[in-house]
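Okay, here's what each chain looks like letter by letter:
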Amino acid sequence: MAAVIQAKGLLSLPPTLQTRRLYPSQGLKNRLRIPNNRTLNGFPTSASKTPNPIEPSIGSFSKHRKIQPFGERLGFSFGFCKRPNGDLQIRRAEATFAGEPEKPKLFGVEILTLKKIIPLGLMFFCILFNYTILRDTKDVLVVTAKGSSAEIIPFLKTWVNLPMAVGFMLLYTKLSNALSKEALFYTVILPFIAFFGAFGFVLYPLSGVIHPTAFADRILGALGPNFLGPVAILRIWSFCLFYVMAELWGSVVISVLFWGFANQITTVEEAKQFYPLFGLGANIALIFSGRTVKYFSNLRKNLGPGVDGWAISLKGMMSIVVLLGLTICTIYWGVNKFVLNDPSLPKVTRKKKKEKPKLGMKESMKFLISSRYIRDLATLVVAYGISINLVEVTWKSKLKAQFPSPNEYSSFMGDFSTATGIATFTMMLVGRWILSKFGWGVAAAITPMVLLVTGVGFFSLLLFGEPLTPILGTLGITPLLAAVYVGALQNIFSKSTKYSLFDPCKEMAYIPLDEDTKVKGKAAIDVVCNPLGKSGGALIQQFMILSFGSLANSTPYLGGILLVIVGAWLAAVKSLDSQFTPLAKEDLRQELEAKKALPKESTNGSVTSTESDGSTNDSAVNQTPETLTTPGVQ
């Protein structure tokens, strides 16, 4: 008699069968009690004594019935047969997959995985390349436009950008319920591509016609010069629309579309391995796109008199944005068409996430007030958002004074983006060493210290630039240019330390908390602190502009507010460090004790069975693949 396990080609018998006999004294024959012409747990048996022990029996396996063999995790299958002397023999067939060579790899990574990761990396590069071009261009448009200045930015962020972002997310939610994932992706990204192309070739050339310049002049005359910023939104409405669309590209295409798609098709292990590389690739895109902005901004030098160099530069940059946008769509289509339909790729299974508690504003405030730990963490988030806005907008107003031409302004922003990419790339490599060498407290304090030192230098040059003119003149620069360079360094280092140290430290601070505090704390900070941090600086600047007429007149007060904010930030870091470090040590101690308490697992890979009385015992046959272990496989 013989029995053969067939699992649709996954298992096969080797040329030489490995056999071992179990004699009646070993007890297996008596315990299994296999009757003739019956099946045991799906294994057919026969009383016929055939000279060929591997002849397939005509039974439940004759039609290639799909069976999950209990030895599959061990890399072999079992068949039962009876020898002429009556002894039961277990015949083991090594699986072909146990002896087959490893799957092909490139640089230590399976080719199947690279089919997903490489297209995702290319998509991310194109998206970030476009974002840098759009981010630099939007500032040039709204700051250097005639009848506008940097004072427009706080009003634009609060009264245009925020409502548009909220409206888009409401629309996106409705579309996601009505469209498939692929249709939703194209429905969202194609309008962005069409708008940026139309802006470069249609809206900007017609800006002198479509902008209500005369009407804006009458309103400004009635309200007074203090309202230059709000009136400028109406005066250059198409530029403001470009500003909002560029901002939405970052929050929608990067955060929603790309990361949603990446999380959909990658496994957890792939994400752990490759997501950090995406962050490094983002900074490489920042470097190259900064060089691209610099190149197109310098085209004006080679053009004849009377030619609008900024219009030519804008057409070139928007052409690249459209081309890379279509490339993103092509890659997305290719991944869905040729990669996700590949049956050999590992399938992604996602556990349903627990719903986060939806805290309202009142409940969030109560929770923030009740917990000192969460209150300190919230201070970090709010302080960064306010302080970076206070310096950035003031710096851009001085940048316009130094580089009034759009091409010169854009050229400087190209250099700024390249320097930001290099600094962030370097800090991301160094940040991990800083955390391990000096601890959480030092790493978390670096970002506010950078903002404090550079902020003091920036505002000092603005307030006391005249006495320093002779000293700066020996260096060949003016106080205004020195303030521009110091402000640029402030933005470069604050952003690089934010991505490499501030964000990791902020997320680490949640780890030692209990689950309830962790979830509720995140929800409260999302509801209260994130919007307050983003709009707090803009609201302060709006109040200063309306009160003192311009950012230049309010510089001393903005500098004083910055000192107060950063001081509160550093105090919160110190307080949080005193709470976080003991909790983290206790958490680590409990984790080590839990590991020591775990029983040591057997690693010999053998299958054992215990003797029993006369009752049938087929526990070895009933084991599932999950309960079997083999050396090196957990």
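Residues numbered from 1 in each chain as written. Predicted model: local features only at pLDDT ≥ 70, side-chain atom pairs only at ≥ 80, totals over all residues. Heavy atoms only, no water.

**Student:** Would you mind going over the overall build of the chain with me for this structure?
**Tutor:** Counting its regular elements, the chain contains 20 helices and 7 strands. Put simply, the chain has 634 residues, and 45% of those count as buried. Split by element, the accessible area of the chain, about 32600 Å² in all, is 63% carbon and sulfur. (Helix = DSSP H or I, 4+ residues; strand = E, 2+ residues; numbered from the N terminus. Buried < 20%, exposed > 50% of the residue type's maximum accessible area, 1.4 Å probe, protein only. Areas by Shrake-Rupley, 256 points an atom, 1.4 Å probe, with all protein chains shown as cover.)

**Student:** Explain helix H13 (residues 372-402) here, please?
**Tutor:** Taking 1.5 Å per residue as the helical rise, H13 with its 31 residues ought to reach 45 Å, and the 45 Å between its terminal C-alpha atoms agrees with that figure. Most of H13 is tucked away, with 25 of its 31 residues classed as buried. (Expected span 1.5 Å × (residues − 1).)

**Student:** Looking at this model, I keep getting lost on the packing of H13 against helix H14 (residues 406-438). Mind explaining?
**Tutor:** Each pair of packed helices can be described by the angle between their axes along with the distance between the axes. Running from N to C, H13 and H14 cross one another at 130°; their axes reach a closest spacing of 10 Å. Between H13 and H14, the angle falls in the class oblique. Relative to H14, the crossing made by H13 is right-handed. The segment H13 lies against H14, with Trp-395, Lys-396, Leu-399 and Lys-400 engaging Tyr-409, Phe-412, Met-413 and Phe-416. Residues that form the contact of H13 with H14 fall into these classes: 6 nonpolar, no polar and 2 charged. (Axes fitted to C-alpha atoms, helices over the stretch in contact; angles between N-to-C directions. Parallel < 35°, antiparallel > 145°, perpendicular 65-115°, else oblique. Left-handed = near helix turned anticlockwise from the far one by under 90°. Contact = heavy atoms within 4.5 Å. Nonpolar A, V, L, I, M, F, W, Y, C, P; charged D, E, K, R; others polar.)

**Student:** Sorry, what's going on with the pattern of salt bridges here?
**Tutor:** A full pass over the atoms with the stated rule returns 13 salt bridges. Here Asp-415 ties to Lys-294 by a salt bridge, and the two come within 2.8 Å at their closest N and O atoms. Pair noted here: Asp-415 is in helix H14 and Lys-294 is in helix H10 (residues 268-297), with a separation of 121 residues, a long-range link. Its salt-bridge partner being Glu-392, residue Lys-396 comes within 3.7 Å of it at the nearest N-O pair. Note that Lys-396 and Glu-392 are positioned in helix H13 at a spacing of 4 residues, about one turn of the helix. (Salt bridge = Lys/Arg side-chain N within 4 Å of Asp/Glu carboxyl O.)

**Student:** Just checking my understanding: could you explain the environment of Gly-414 for this structure?
**Tutor:** Within the element layout of this structure, Gly-414 appears in helix H14. Distance in space between the C-alpha atoms of Gly-414 and Leu-286 is 9.4 Å, their sequence separation being 128 residues.

**Student:** Could you clarify how one ought to interpret the nonpolar core in this entry?
**Tutor:** Across soluble globular proteins, nonpolar side chains show a tendency to be buried alongside one another. In this structure, Ile-189, Phe-192, Phe-196, Phe-242, Trp-249, Met-318 and Trp-395 are the most contacted members of the largest nonpolar core, which totals 137 residues. Ranked by residue count, the leading element in this core is helix H9 (residues 237-265), at 17 residues. Excluding residues within four positions of it along the chain, Met-318 makes contact with Ile-133, Leu-134, Thr-137, Phe-196, Gly-200 and Phe-242. (Core = buried A, V, L, I, M, F, W, Y, C linked by side-chain atoms within 4.5 Å.)

**Student:** Just to check I follow, could you spell out a nonpolar patch on the surface for this structure?
**Tutor:** There is a patch of nonpolar side chains on the surface, built from Leu-429, Val-430, Trp-433, Phe-438 and Val-442 and spanning about 470 Å² of accessible area. Here the nonpolar patch takes 4 residues from H14, the largest share from any one element. Position of Phe-438 relative to the elements: it lies in helix H14. (Patch = residues over 30% accessible without salt bridge, like charges linked within 9 Å, V, L, I, M, F, W, Y side chains within 5 Å.)

**Student:** Looking at this structure, how should I read the environment of Ser-500?
**Tutor:** With respect to the helices and strands, the residue Ser-500 is situated in helix H17 (residues 479-508). For the pair Ser-500 and Leu-429, spaced 71 residues apart in sequence, the C-alpha to C-alpha distance is 8.1 Å. Discounting residues that sit within four places of it in the chain, Ser-500 has contacts with Met-427, Met-428 and Gly-431. A polar side-chain atom of Ser-500 sits 2.7 Å from the main-chain carbonyl oxygen of Ser-496. (Polar contact = N/O pair within 3.5 Å; in protein donor to acceptor, adjacent residues only side chain to side chain.)

**Student:** I keep staring at the packing of aromatic side chains and nothing clicks. Help me out?
**Tutor:** Any pair of aromatic rings gets described here by the distance separating the centres and the angle formed by the planes. Counted by the stated rule, this structure contains 38 aromatic pairs. Look at Tyr-186 and Tyr-332: their rings are 5.5 Å apart centre to centre, the planes differ by 90°, and that puts the pair in the edge-to-face class. Here Tyr-332 lies in helix H11 (residues 309-339) and Tyr-186 lies in helix H5 (residues 181-203), a separation of 146 residues in the sequence. (Phe/Tyr/Trp six-rings, centres within 6.5 Å; stacked < 30°, edge-to-face > 60°.)

**Student:** What exactly am I supposed to notice about the confidence of the model for the chain here?
**Tutor:** Should pLDDT be low for a region, the predicted coordinates there are not to be read in detail. Chain-level pLDDT for the chain is 77 on average; 73% of the residues reach the 70-or-more range. Per-element confidence in the chain is highest for H5, whose mean pLDDT is 96, and lowest for helix H20 (residues 619-622), whose mean pLDDT is 35. Considering only residues more than four positions removed or in separate chains, one finds that residues 87-100, a stretch of pLDDT under 50, has 59 contacts. (pLDDT = per-residue confidence, 0-100.)

**Student:** It is not clear to me how the packing of helix H15 (residues 440-463) against H17 should be interpreted in this structure. Could you clarify?
**Tutor:** Where H15 contacts H17, the two axes come as close as 9 Å, and the packing angle between them is 165°. In terms of their interaxial angle, H15 and H17 are classed as roughly antiparallel. The handedness of the crossing between H15 and H17 comes out as left-handed. Taken together, the residues of the contact of H15 with H17 sort by class into 17 nonpolar, 8 polar and 1 charged.

**Student:** Would you explain the side chain of Thr-144 in this entry?
**Tutor:** Tracing the backbone shows Thr-144 in helix H3 (residues 111-144). Since its relative accessible area comes to 15%, Thr-144 is described here as buried. Among the polar contacts made by the side chain of Thr-144, one reaches the main-chain carbonyl oxygen of Val-140 at a distance of 2.4 Å. For Thr-144, the contacting residues outside a window of four places in its chain are Asp-139, Lys-400, Phe-403, Pro-404, Pro-406 and Tyr-409.

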